[in-house]
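Commentary on secondary and tertiary structure
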Amino acid sequence: MDGRPWQPMRPERPAAAWEARAGSSTTPASAADHPDEPAADAGARDGYAGVEPTGGGRRARPPSLQAVGRRTGRALRRVWTRASRARRLGLTVGAVAVVTALVAGAGLAMQPRYDEPVRPAMLVDDLRSEPTATVWQTDLADAATPGMPSGCAYYAFAGMVGDDALVSAQSAEQSDRCGGAGGRLARVDGDTGDVVWSANVATALGRAVRSVSVTPDDDGRVATLVVEGDTGSTLARMDLRTGEVTDWSASVESTDDDLVTRIEEVSTTTVLVSHQPRSRFGPDGSGPTTDEDDVTRFELRDLDHPDTVTWQGDEPSQATVRLVDDEFYLLTTAGEGSRVIDAATGDEHRLPIDDDAYGWPEAAGDHVVVTLAAPTGQQLVAFSQDRPGTVDWTADLSGDASLIVSDRCVAVTSTVAVGDPVVAGPRGSDEAGDTAEADEPVGRASVTCLSPSTGRTVWSTTIPVSRGQTVQSGWNPSPSSAFDEVQVTVSPSSGFGDETSTVTTFDADDGRVVFEATLPGYSAPLAQGRTTVYQQTFGVDGRLAVVALDRSSHRELWRTSGDDVLTYQFWGQHLVVVTQDGVVRRLGDGTAVAAGG
């Protein structure tokens, strides 16, 4: 015993840990030269196992992957055998955490991303598979027009009150057998399909009614009804909680039997009324037909007090008239010319419009824009709503330009060149012109967003257009719609049939492409869910269909259509289909209907 701790006998070292290349003067260091070193340490000093050490002017080669793996494995085994039990447990937990994080990170990277919508309250149900299940079914013909013969009425969506839908019956034919089919209204619970109430407006007013349009007040308790009959139209008020017609205004009607009174428009504050000779209308009430020199009596009345006339005048019958809130735009080159009239005060303000052709006034944020004919094309004029008659900005447009107007963007679409190569595809495309065939001659159309407040260009881009195709003016999004975007459709110039259209949707703020798809026929946006986009398509045969697409990948999820379908609509969050026989069904996907938002 020499006092040193006992050590196990080392195994005999192989005759050669490696062999030098032929002709090498380098000899390996023997374990005997370092009796106190473990063999593994000696190998570390000499270099990586299996790698020629430096010497004789040679550079060491990097270790092979196999050798590195062996060394790493030995090092991990040494750490593991020397570690305490607690440390081994900690290393195990840490390794599991690292692997879990890697897997979760890879999963998140592969998941689709959905941008937050501008108006989350307008989101509808996410139907990820074809909605073949019927959640509920209601026979509107029996509920809204009991006892009415088949084929006398069709049923139109008239608006929403909370989660309930208002449905109006419209006369399908004028005959004695149908009677007053058009005077019926019903309120239907969108969640259950139950008919809350059904009302006969014709009976309440004591006259034949063709149709009724409904404008609910902001609180959803009372609505203004525009009631159309054979002899013109009138106003009425309805309690939306009970369906009772509470009042009707004889004051808006003319007492002259030779005049026909019509309600032209209703805004939140004002009613626009016209009185015209009965001779302009056909026996069935169709018309009016006017000549160039004819005049019409127009009146502005307070909506809350229809007996009060705030302005009236005899104006050219062929003038363009439009009510924008409490401002009445009258565009004409005859008589006293184009003016805007303040409905509250009756004050008139001359508009600098002298051209023979004029456009349709549209509200764009705090302005009203009008497109006028110009010698070199068109001119876009923006009038201030705060200072009636004042032009705040103008923009020169090409002759074929069309507008998509919203409160965030005045989008102008026009042809850049026909038959030229595409030099830039839409933003977000991988290549220019990626929506057209490689050998197909194409041109370009520009899409430019102008600020409604200043008229300055916010963004501009181009889209490819194949020869024989037309760029549609797109879809004008409602201010209350979930679509705060600009959709442009490129479609065949003649008919749709089996043809397809390419729709491109741009973010109204920066012009980036948020959606792009190829769809059958002509299409328009219908609604938007958290992860889905719904488009309604129109075929040349008149058939309607709904196509659902993923908001992230843009791939088609499903499409549905039916021969007897009158309309597909969203009643609040829910997709419903109304058939020609008056049956309405709420559709579900059979697995889960996730509430929008």
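Let's shift gears to the state of the cysteines. By the definition in use, this model includes 1 disulfide. Through a disulfide, Cys 409 is tied to Cys 449; the S-S separation comes to 2.2 Å. Separated by 40 residues along the polypeptide, Cys 409 in the loop between strand E22 (402-405) and strand E23 (410-417) and Cys 449 in strand E24 (residues 442-450) bring together distant segments of the chain.

Bringing the pattern of salt bridges into the picture now. Inspection of the entire model under this criterion finds 16 salt bridges. Ionic pairing is found between Asp 239 and Arg 241, a salt bridge with its closest N-O pair at 3.3 Å. In this structure, Glu 315 and Arg 339 form a salt bridge, with 2.5 Å as the shortest nitrogen-oxygen distance. Highlighted residues: Glu 315 in strand E13 (residues 309-316) and Arg 339 in strand E16 (residues 339-342), separated in sequence by 24 residues. Each member of the pair, Glu 315 together with Arg 339, is buried. One network of salt bridges, in which partners are shared, links Glu 315, Glu 336, Arg 339 and Glu 348.

Time to look at the sheet that holds strand E14 (residues 320-324). One open sheet accounts for 4 strands, arranged E14-E15-E16-E17; its pairing is antiparallel. Lying at the two open borders of the sheet, with one neighbouring strand each, are E14 and strand E17 (348-350). Mean inter-strand twist for the sheet, computed between neighbouring axes without regard to direction, equals 20°. The sheet contact formed by E14 and strand E15 (residues 327-331) spans 5 bridges and is antiparallel. By the bridge assignment for E15, Arg 322 is matched with Tyr 329.

Looking now at unusual backbone geometry. Phi is mostly negative for residues that are not glycine, and the peptide bonds are mostly trans. The phi torsion at Asp 325 lies on the positive side, around 55°, for a residue other than glycine. The class for Asp 325 is partly exposed, based on a relative accessible area of 40%. For His 554, which is not a glycine, the phi torsion comes out positive at approximately 70°. A relative accessible area of 22% places His 554 in the partly exposed class.

Within the structure shown, the criterion is met by 8 aromatic pairs. Measuring from centroid to centroid gives 5.6 Å for Trp 459 and Phe 506, while their planes differ by 35°, and the two rings are tilted. Note that Trp 459 is positioned in strand E25 (residues 457-466) and Phe 506 in strand E28 (residues 500-507), a separation of 47 residues in sequence. The burial state of Trp 459 is the same as that of Phe 506; both residues are buried. An aromatic cluster of three or more residues is present, and its members are Trp 136, Phe 157 and Trp 571.

About the thresholds
- Residues numbered from 1 in each chain as written.
- Predicted model: local features only at pLDDT ≥ 70, side-chain atom pairs only at ≥ 80, totals over all residues.
- Heavy atoms only, no water.
- Disulfide = S-S within 2.5 Å.
- Helix = DSSP H or I, 4+ residues; strand = E, 2+ residues; numbered from the N terminus.
- Salt bridge = Lys/Arg side-chain N within 4 Å of Asp/Glu carboxyl O.
- Buried < 20%, exposed > 50% of the residue type's maximum accessible area, 1.4 Å probe, protein only.
- Pairing = 2+ DSSP bridges.
- Axes fitted to C-alpha atoms, helices over the stretch in contact; angles between N-to-C directions.
- Phe/Tyr/Trp six-rings, centres within 6.5 Å; stacked < 30°, edge-to-face > 60°.

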